Amino acid sequence: MPQRLTQTAKQRLDAIPSQQQILAGKLCELPVEELESRVEQELDDNPFLEKEDSEAEDDEFPVDDEHDDVNEDESKENEDEGENNDIDDLVDFLEDGDDDSAAYKSSKSNDNDEHYEAPIRDSRSFYDDLFSQLGLLDIDEKTRKLCEYIIGNINGDGYLADENGPITSEAICDQLLLQYWDTSIDDVESAVGVVQRLDPAGIGARDLRECLLLQLMRKNTNDNTDVEAAITIVRDCFNDFYGHHFDKITKKTGLDEMQIEAASALIKKLNPKPGDGITSFIENNSAIIPDFVVVNYGGKLRVSMNDGNVPALKVSSDMYDEYSSMSDSKEKKEALKFIKERMDSARMFIGAMRQRRVNLAKTIEAIVSIQKDYFLTGNLIMLKPMILDDVAKRVGLDVSTISRISKSKYVRTDFGTFQLKHFFSEGVGTKGGGEVSNKEIKMILAECIDGEDKQHPLSDDDLTKILRSRYGYDIARRTVAKYREDCGIPVARLRKNL
């Protein structure tokens, strides 16, 4: 009788993450500012979790030449020893004052005991700014309401458009009609004109051409032939300009080569995304709070973690006194069950916070160890290829954990403040069998394009040949095109100047 092969699926218990591990994973995603809010929320929600007054510990650690994990994995130790299922066990725990999970020691990166003052972010949006400007205009109430509706339909780039394209006045009339507001196309066009007079110039445009025209119309055209030429080109020859067909522009407008070149230079200085410009201004003026600090002390790298205002935590037993004097009753048992649940929750949160800190310490130590040459020099060429899996294997954590940690964290270095993901890159092979970071390739591509003859810009094929022959990088043309696009550099035809 032939044997039959069967497959059965079994789920290993040790592969199932505990609630504490799940919570620690979520906490790993949070940067220091959001962690502060999360801890404060937990303190408000759980009466058995409280701040502990304690001296801050020194959290700096050196990065040695040889790889050495910062800490052993303490997650097993952080798990509660036993579940304390019986009420009697809980009472014994409270009476004995067992501090098995007592304090989560939050180490500060500050060198003194002064309170860490977190910078305040500017939470204004460009919509708030537009509404504020609108409030200063002397317009009738109907026009004001229309303008407010139009501003509400402007997208993040500053355009009166949605995912389907420009929003026409007819479409706005139809939308308002569904809200029992009957208005005319002329009234909508008038309101759009009011919004387009707001700052920054170009806001409320329906497409790029209109956006550039609105900005040019704000400029002084008196005796300024460059502005006049630029308006003519954008208004009458926009597609030719976008396609760099300058000979067609000359035929259509009569402008000579020098006039077109001067007008082109003026157009290129305009802002194609006026909404993004305001948002970027607000964000760039908001101080970034780094989660890690890496400093070079005479060739030795020191890494510290910034905990901001996150306090040390401990489990409180004060509420037990309130219920211990109660006579034995059903109410007392229910109260003690409630106490146990909240205390377990407090201990789990403390353990998750400790586990988060261990995971972050391991991760930043591994990254700095791998990229030591870069942190010592600040030279992008020294950045080694490194992917999430490289760090995960090195520290014994899951790739998803490294991904969570690197997603929203910042590192302050001697050369500036960077997102943690800045230090990750794929490798590109060389003729000698080595490997370099794709960030180095992108830097070289940008340098090659900066130094090219703008009359005869380098094609992707040309760039591929240069990378192979001059630098020995084994790279395909489609990869070069992808890296060029990643750098925001247009194709050769659009880089061509007169």
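Up top is the structure these notes are about.
If you're wondering where the values come from, they're calculated on a predicted model, not measured in any experiment.

Q: Just checking my understanding: could you explain the overall build of the protein for this structure?
A: If you tally the helices and strands in the protein, you get 23 helices and 12 strands. Out of the 498 residues in the protein, the part that is buried amounts to 41%. For the protein, restricting intrachain contacts to residue pairs at least 6 apart in sequence, the fraction spanning at least 24 positions comes to 71%. About 28,100 Å² of surface is accessible on the protein, with carbon and sulfur atoms providing 46% of the total.

Q: How should the pattern of salt bridges be read in this particular structure?
A: Note that side chains of opposite charge can pair when their charged atoms are close. Inspection of the entire model under this criterion finds 16 salt bridges. A salt bridge links Arg218 to Asp199; its shortest N-O distance comes to 2.9 Å. You can see Arg218 sitting in helix α9 (residues 208-218) and its partner Asp199 sitting in the loop between α8 (185-196) and α9, a full 19 residues away along the chain. Taking relative accessible area as the criterion, Asp199 reaches 43% and is therefore assigned partly exposed. Salt-bridge contacts for Arg477 lead to Asp460; the nearest nitrogen and oxygen are separated by 3.7 Å. Taken together, the residues span a long stretch of sequence, with Arg477 in helix α22 (residues 477-486) and Asp460 in helix α21 (residues 460-469) at a distance of 17 residues. Counted as one network, the salt bridges with shared partners bring together Asp460, Asp461, Arg477 and Arg484.

Q: Even after reading the chapter, I still don't get the pairing of strand β7 (residues 300-305), so can you show me in this structure?
A: It is a general feature of regular strands that their side chains alternate between the two faces of the sheet. Bridge analysis of strand β6 (residues 292-297) against β7 gives 6 bridges, and the strand direction is antiparallel. Each bridged residue has a counterpart across the sheet, and for Phe292 the counterpart in β7 is Met305.

Q: Explain the nonpolar core here, please?
A: In this structure, Phe375, Val391, Val411, Leu420 and Phe423 are the most contacted members of the largest nonpolar core, which totals 28 residues. Listed by contribution, the elements that provide at least two residues to this core are β6, β7, α16 (330-370), α17 (372-377), α18 (388-395) and α19 (399-407). In terms of residue count, α16 provides more of this core than any other element does, 7 residues in total. Each residue touching Val411, except ones within four places of it in the same chain, is listed here: Pro290, Phe292, Val294, Ile364, Phe375, Gly416, Thr417, Phe418, Leu420 and Phe423.

Q: Sorry, what's going on with the packing of helix α2 (residues 32-45) against α16 here?
A: Helix packing for two helices is described by the angle between their axes and how far apart those axes are. Look at α2 against α16: their axes get within 11 Å of each other, and the N-to-C directions meet at 165 degrees. The angle between α2 and α16 falls in the class roughly antiparallel. Relative to α16, α2 is oriented so that their crossing is left-handed. Residue-level contacts link Leu35, Arg38, Val39, Glu42 and Asp45 of α2 to Arg342, Ser345, Phe349, Met353 and Arg356 of α16.

Q: Would you take a moment to explain the packing of aromatic side chains for this structure?
A: Each aromatic ring pair is described using two quantities: the centre-to-centre distance and the angle formed by the ring planes. Counted by the stated rule, this structure contains 6 aromatic pairs. Between Tyr374 and Phe375, the aromatic rings sit 5.8 Å apart at their centres with planes inclined by 75 degrees, giving edge-to-face as the arrangement. Like Tyr374, the residue Phe375 is buried in the burial classification. Aromatic rings pair up to connect Tyr374, Phe375, Phe415, Phe418 and Phe423 into one cluster.

Q: What exactly am I supposed to notice about the environment of Ile370 here?
A: Note on placement: Ile370 falls in helix α16. Relative accessible area serves as the criterion here: at 12%, Ile370 is assigned to the buried category. Between the C-alpha atom of Ile370 and that of Leu383, which follows or precedes it by 13 residues, the distance is 8.9 Å. Leave out the neighbours within four places in its chain, and Ile370 touches Lys384, Met386, Val391 and Arg394.

Q: Just to check I follow, could you spell out the side chain of Ser369 for this structure?
A: Structurally, Ser369 is set in helix α16. A distance of 3.1 Å separates the side chain of Ser369 from the side chain of Arg394, its partner in a polar contact.

Q: What's the story with unusual backbone geometry in this structure? I'm lost.
A: In most cases, non-glycine residues show a negative phi, while peptide bonds are predominantly trans. Omega for the bond connecting Asp199 with Pro200 falls within 30 degrees of zero, at 0 degrees, which places this linkage in the cis form. Along the chain, Pro200 turns up in the loop between α8 and α9.

Q: Sorry if this is basic, but what is going on with α18 here?
A: In an α-helix there are 3.6 residues to a turn, and that puts residues three or four apart on one side. Along α18, the residues that are buried comprise Val391, Ala392 and Val395. What you see down the axis of α18 is that its buried residues fit within an arc of 100 degrees, all on one side. Packing partners of the buried residues in α18 comprise α16 and α19.

Rules used throughout
- Residues numbered from 1 in each chain as written.
- Predicted model: local features only at pLDDT ≥ 70, side-chain atom pairs only at ≥ 80, totals over all residues.
- Heavy atoms only, no water.
- Helix = DSSP H or I, 4+ residues; strand = E, 2+ residues; numbered from the N terminus.
- Buried < 20%, exposed > 50% of the residue type's maximum accessible area, 1.4 Å probe, protein only.
- Contact = heavy atoms within 4.5 Å.
- Areas by Shrake-Rupley, 256 points an atom, 1.4 Å probe, with all protein chains shown as cover.
- Salt bridge = Lys/Arg side-chain N within 4 Å of Asp/Glu carboxyl O.
- Pairing = 2+ DSSP bridges.
- Core = buried A, V, L, I, M, F, W, Y, C linked by side-chain atoms within 4.5 Å.
- Axes fitted to C-alpha atoms, helices over the stretch in contact; angles between N-to-C directions.
- Parallel < 35°, antiparallel > 145°, perpendicular 65-115°, else oblique.
- Left-handed = near helix turned anticlockwise from the far one by under 90°.
- Phe/Tyr/Trp six-rings, centres within 6.5 Å; stacked < 30°, edge-to-face > 60°.
- Polar contact = N/O pair within 3.5 Å; in protein donor to acceptor, adjacent residues only side chain to side chain.
- Arc of directions from axis to C-beta.

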